[in-house]
Amino acid sequence: MSKVELKTISLEEIEALAVGAWILGTGGGGSPYLGLLNLRRLYAEGHRVQLMSPLGLDDEDWVAVVSNMGAPLVGQERLADSRNIARAVRMQEEINGIKFRAVMSVEIGGGNGVQALMAAAHLGIPVVDADCMGRAFPEAQMTSVAIGDLRPYPCTLYDPRGIEAVVTKVPSWKWMERASRKICVEMGSIASTSKAPRTGREVKDWGIHFTTTKAIGIGRAVQEANRRHEDPIAALLATEGGKKLFTGKIIDVARRTTEGFLRGSAMIEGSDADRGNKLVLSFQNEWIVAWRGEKAIATSPDLICVLDSVNGHGVGTETVRYGQRVTVVALPAPAVLTSPRGLEFVGPRAFGYDLDYRSLFAPAEAGA
């Protein structure tokens with residue numbers, strides 16, 4: 001095992017991470033608030049979490065890939081316990097007879113952006129500064145490692161009532177999604193999971209690197225703008241090279257929890273420059289398509305982010321409500337997601353929309 005530099009993550013950085021991850025969650029990944037409360041308590045008890053570069057992994061190292069799975073609305077109702085995600089990781093070690101070198105989140109978005117830190121605090125191993133999405137997505141096959149055709153199994157699922165389940169083998173990533181989702185639904189539409197273990201080589205080749213640091217940077221930019229009484233959304237767009245799509249007030253929300261997902265739509269009545277217009281956002285855990293009239297003006301995998309117009313914090317599909325003043329922005333997606341193969345997994349057609357992807361950030365390459 002090579003000696004690598006480990007950086008202790010401060011509580012101030014965790015606070016910023018929660019803000020940045022909620023924005024990168026594009027409405028999903030679950031609210032990071034309960035995870036943040038867990039980490040505040042763990043730090044008060046003396047625990048510390050260290051961050052390592054994905055490039056510092058040895059090729060033979062094992063990395064645990066973790067997340068909460070299920071419907072974000074249920075995550076608001078069931079209190080988070082950091083020991084649950086740690087148990088899912090231990091189950092992988094027991095089943096495979098391995099010892100993990102580090103842990104990383106499957107997605108940097110939302111509450112899953114802090115899951116790896118929660119597990120690491122109990123396991124005593126570092127967090128890899130990487131994930132498999134660069135945002136949040138609702139399904140198991142919507143990852144860079146699936147795009148890379150890496151092995152999808154085994155997957156462990158843990159429920160705080162003591163239910164432990166393992167999907168030992170499946171023929172494809174979509175079958176992993178189907179099988180694990182059914183188990184998750186039986187657990188109450190939320191479960192702590194440890195995905196197929198990844199080697200250091202696989203993380204270096206297929207991980208989306210330095211996304212924890214990115215989320216912390218986004219959170220800090222928004223926090224600093226608020227401290228200075230400046231526009232936090234302008235600060236975010238300047239930091240990330242994003243684009244403002246729409247500003248207005250939420251006037252209607254339709255959502256339902258079904259098959260382990262939160263599905264529905266939200267309608268925004270325009271204000272300021274958008275007065276007299278409406279924007280409709282369709283979601284499956286995450287915001288997937290933004291409609292202005294009959295025209296889709298933004299689609300996955302570009303990041304569609306709904307932000308509080310005052311403080312610039314993310315608004316989730318489970319927390320959006322009538323009367324909220326919001327600004328919708330788009331941020332660029334990682335290149336692996338916008339590749340031809342990537343679009344098969346995370347483009348609008350992967351969600352059932354008869355739409356071609358048109359990038360807001362590289363129109364000359366749209367749909368390439």
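Remember, it's a predicted structure, so these values are computed and weren't measured experimentally.

J.: Describe the overall build of the protein, naming the residues involved and giving the relevant values.
T.: Each helix and strand counted, the protein has 12 helices and 18 strands in total. Computed over the C-alpha atoms, the radius of gyration of the protein is 19 Å, within 12% of the 21 Å expected from 2.2 N^0.38 for a compact globule of 368 residues. Projected onto its principal axes, the C-alpha coordinates of the protein cover approximately 60 × 45 × 40 Å. A buried classification covers 60% of the 368 residues belonging to the protein. Look at the contacts in the protein between residues 6 or more apart in sequence, and 74% of them connect residues 24 or more apart.

J.: An account of the pairing of strand β17 (residues 303–308) is needed here, citing residue identities and associated values.
T.: The buried fraction of β17 is high, at five of six residues. Relative to strand β18 (residues 325–331), β17 runs antiparallel, the two sharing six bridges. If you follow D308 over to β18, its bridge partner there is V326.

J.: Account for the packing of helix α1 (residues 11–24) against helix α2 (residues 33–44), with residues named and values stated.
T.: Two numbers describe a pair of packed helices, the interaxial angle and the distance between the axes. Two elements in contact, α1 and α2, have axes separated by 10 Å at closest approach and are oriented at 175°. One way to sum up the angle between α1 and α2 is to call them roughly antiparallel. From α1, L11, I14, E15 and A18 reach across to α2, where they touch L36, L39, R40 and Y43. Tallied by class, residues from the contact of α1 with α2 come to six nonpolar, no polar and two charged.

J.: A description of empty space enclosed by the protein should follow, citing residues and the corresponding values.
T.: Across all of its chains, the model carries two cavities of 30 Å³ or more by this definition. Taken as a whole, the second largest cavity encloses approximately 30 Å³ of empty space. Every residue lining the second largest cavity is listed: S105, I108, G113, A116, L117, V127, V128, A130 and T212. Of all the secondary structure elements, the ones that give two or more residues to the lining of the second largest cavity are α5 (112–123) and β5 (127–128). Taken together, the residues of the lining of the second largest cavity break down into six nonpolar, three polar and no charged.

J.: Can you break down the confidence of the model for the protein residue by residue, with the values?
T.: Here the protein averages 93 in pLDDT, and 96% of its residues register 70 or above. Counting contacts from residues 364–368, a segment whose pLDDT is below 50, to residues more than four positions away or on other chains yields eight contacts.

J.: I'd like to hear about helix α4 (residues 82–96), residue by residue, with values.
T.: Helix length check: α4, at 15 residues, gives a terminal C-alpha distance of 22 Å against a target of 21 Å (1.5 Å per residue), a fit within 8%. Those residues of α4 that sit buried are S82, N84, I85, A86, A88, V89, M91, Q92 and E93. Lining the buried residues of α4 we find α2, β3 (62–70), α5, β7 (155–158), β8 (164–167) and β9 (190–194). Just past α4, the residue G97 takes up positive phi, approximately 65°.

J.: Talk me through the environment of V346; I want residue IDs and the actual numbers.
T.: Looking at where V346 falls in the secondary structure, it is placed in helix α12 (residues 340–346). For V346, a relative accessible area of 0% corresponds to the buried category. Separated by 304 residues in sequence, V346 and L42 place their C-alpha atoms 35 Å apart. Setting aside its immediate chain neighbours within four residues, V346 contacts F137, M142, S300, P301, L337 and F351.

Quick notes on the rules
- The numbering scheme is per chain: residues are counted from 1 as the chain's sequence reads.
- Whole-chain, interface and lining totals are the exception, using all residues; otherwise, since this is a predicted model, local features are given only for residues with pLDDT of at least 70 and side-chain atom pairs are given and counted only at 80 or more.
- Calculation of side-chain values draws on the structure's entire complement of heavy atoms; hydrogens and water are dropped beforehand.
- Working definition: helices are DSSP H or I runs of at least four residues, strands are E runs of at least two. Numbering for both runs from the N terminus.
- What the globule rule says is 2.2 Å times the number of residues to the power 0.38, and the radius of gyration is computed from C-alpha atoms.
- Only protein chains enter the accessibility calculation, which uses a 1.4 Å probe. A residue is then buried if its area is under 20% of the maximum for its type, exposed if over 50%, and partly exposed in between.
- In this description, contact between two residues means that some pair of their heavy atoms is separated by no more than 4.5 Å.
- Here the rule is simple: two strands pair whenever DSSP picks up at least two bridges between them.
- Every axis in this analysis is a line fitted to C-alpha atoms, fitted for helices over the stretch in contact. Angles between the N-to-C directions lie between 0 and 180 degrees.
- For classification purposes, an angle smaller than 35 degrees is called roughly parallel, one larger than 145 roughly antiparallel, one from 65 to 115 roughly perpendicular, and anything else oblique.
- Residues were grouped as follows: Ala, Val, Leu, Ile, Met, Phe, Trp, Tyr, Cys and Pro as nonpolar; Asp, Glu, Lys and Arg as charged; and all remaining residues, including Gly, as polar.
- Within this scheme a cavity is a closed region of a 1 Å grid, computed over the protein atoms alone, that accommodates a 1.4 Å probe without allowing it to escape, whereas a pocket is open but has protein on both sides within 12 Å along at least five of seven lines; lining residues each have an atom within 4 Å of a point.
- Grid points are joined across faces, edges and corners, and a volume is the space filled by probe spheres set on the points.
- The score called pLDDT rates the predictor's confidence residue by residue, from a low of 0 to a high of 100.
- What a helix is expected to span follows from its residue count: subtract one and scale by 1.5 Å.

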